[in-house]
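Analysis of the macromolecular model
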Amino acid sequence: MLFERGRTAVDCCVPNAQEQNYLTLHLAIEQRTDMLNIAIIPGTSRPQALNPQVVAWAKDQLAGREDVRAEVVDFGEFNLPLLDEVIPAGANMYQNDHTKAWGAKLNEFDAFIFVTPEYNHSISGSLKNALDFVAAEFNHKVAGIVNYGADKGVRAAEHLRHILANYKLAVVRDQASFSLFTDFADGVFTPTEVSAAPFASMVADIVSWGEALKSVREASAEVQAA
Ligand SMILES: Cc1cc2nc3c(=O)[nH]c(=O)nc-3n(C[C@H](O)[C@H](O)[C@H](O)COP(=O)(O)O)c2cc1C
């Protein structure tokens, strides 16, 4: 504590308002850096999709945890057209503002949870299009997948794993898979315990891999800077 004129020794053991604000701010920053920042990515832009219900459920599962901060990041809010960048994303030379904004948002995160439906045995065209805009934002990060569909969406999840591998994005093994027939009732998401169970182990791996990969990103940035 600062020993200011007019403050007794006893006063100096008690932080004044300014010091309290300072301590609170630093505590918040420390907590923030300890936390893994996870973006939950909705997997479709289809009107009246079931997707928002599954996304909300995933976000609820992470609420109250002290080791992660989760935010829904919807590519639908970035007004992405069909891919209109001239130079492939790997070159990191984005020309369009929508690409720059989408990339900058993804850059904020250490980890991703993709919540994908299955369309024609794969992910939605809209998610694939959104992914095609970016590249380095996913490098040396970690992801998990939540999938759903008539056949639980497992084929979409497998396709997504192939796609994400190209981003040097480590996808953890466990994934939560939900059936339209047993995990939804009259269009309302009602996940069974058995379907939901892998979500916890998926997040546990996301957290441990996510922490480990922070140092990989630091090392990679140092190499690029050299
Ligand atoms: C274009 C399209 C293709 C689909 N193809 C499949 C499929 O291949 N396998 C499957 O299990 N369900 C398939 N379905 C059913 C979806 O899994 C189901 O409609 C689900 O609700 C889609 O998620 P959404 O409501 O969030 O869009 C398809 C649905 C759509 C709209």
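Conventions and cut-offs
- All residue numbers refer to position in the chain's written sequence, counted from 1.
- Selection of residues for local features in this predicted model requires a pLDDT of at least 70, selection of side-chain atom pairs for listing and counting requires 80 or more, and totals for whole chains, interfaces and linings are taken over all residues.
- Exposed residues have 12 or fewer other C-beta atoms within 10 Å of their own C-beta, buried residues have 20 or more, and residues in between are partly exposed; the C-beta atoms are placed from the backbone.
- Numbering of helices and strands runs from the N terminus, with a helix taken as a DSSP run of H or I at least four residues long and a strand as a DSSP run of E at least two residues long.
- Expected helix span is given by 1.5 Å per residue-to-residue step, counting one fewer step than there are residues.
- What the arc describes is the spread of directions from the helix axis to the C-beta atoms.
- Per-residue confidence from the predictor is reported as pLDDT, which spans 0 to 100.
- With C-beta atoms placed from the backbone, a contact is any residue pair whose C-beta atoms sit within 7 Å.
- Think of a nonpolar core as buried Ala, Val, Leu, Ile, Met, Phe, Trp, Tyr and Cys residues, each tied to the set through C-beta atoms within 7 Å.
- Note on pairing: two strands pair once DSSP finds at least 2 bridges between them.
- Seen with its strands pointing away from the viewer, a crossover is right-handed when the path leading from the first strand over the helix to the second is clockwise.

Our next topic: unusual backbone geometry. In this structure, Asn92 takes a positive phi of about 55 degrees despite not being glycine. For Asn92, a count of 12 C-beta atoms within 10 Å translates into the label exposed. Unusually for a residue other than glycine, Asp186 sits at a positive phi of about 50 degrees. Here Asp186 is to be found in the loop between strand E7 (184-185) and strand E8 (188-189). When the 5 C-beta atoms within 10 Å are taken as the criterion, Asp186 is described as exposed.

Given a rise of 1.5 Å per residue, 12 residues ought to cover 16 Å, and the 17 Å separating the end C-alpha atoms of helix H2 (residues 51-62) matches this to within 8%. Here H2 has its buried residues at Asn51, Val54, Val55, Ala58 and Gln61. In a view along the axis of H2, the buried residues occupy a sector of 120 degrees, so they form one face of it.

What follows is about the confidence of the model for the protein chain. Residues at a pLDDT of 70 or more form 85% of the protein chain, whose mean pLDDT is 90. The weakest mean pLDDT in the protein chain belongs to helix H1 (residues 17-34) at 51; the strongest belongs to strand E3 (residues 111-117) at 99. Contacts from residues 1-6, a stretch scored under 50 in pLDDT, to residues over four places away or in other chains number 5 contacts. Ignoring residues within four places in sequence, the model shows residues 24-32, a span with pLDDT below 50, making 0 contacts including any to other chains.

If you look at the biggest cluster of nonpolar residues, it comprises 49 residues, and the most contacted ones within it are Ile38, Ile40, Phe112, Ile113, Val115, Ala143 and Ile206. Here the element with the most residues in this core is helix H7 (residues 198-225); it accounts for 7 residues. Contacts of Phe112, omitting those with residues within four sequence positions, involve Ile38, Ala39, Ile41, Lys141 and Ala143.

Another aspect to go through is the pairing of strand E4 (residues 141-149). E4 sits mainly inside the fold: 9 of its 9 residues count as buried. Both faces of E4 are covered, namely the face carrying Lys141, Ala143, Ile145, Asn147 and Gly149 and the face carrying Val142, Gly144, Val146 and Tyr148. By the bridge criterion, 7 bridges tie E3 to E4 in an arrangement that is parallel. When the bridges of E4 are listed, Val115 appears paired with Val146. Viewed along the sheet, the connection from E3 through helix H4 (residues 125-132) into E4 turns out right-handed. Looking at chain direction, E4 and strand E5 (residues 169-171) are connected through 3 bridges and run parallel. Following the sheet pairing, Ala143 is matched in E5 by Val171. You can see the chain leave E4, run along helix H5 (residues 154-165) and come back into E5, and the turn it takes is right-handed.

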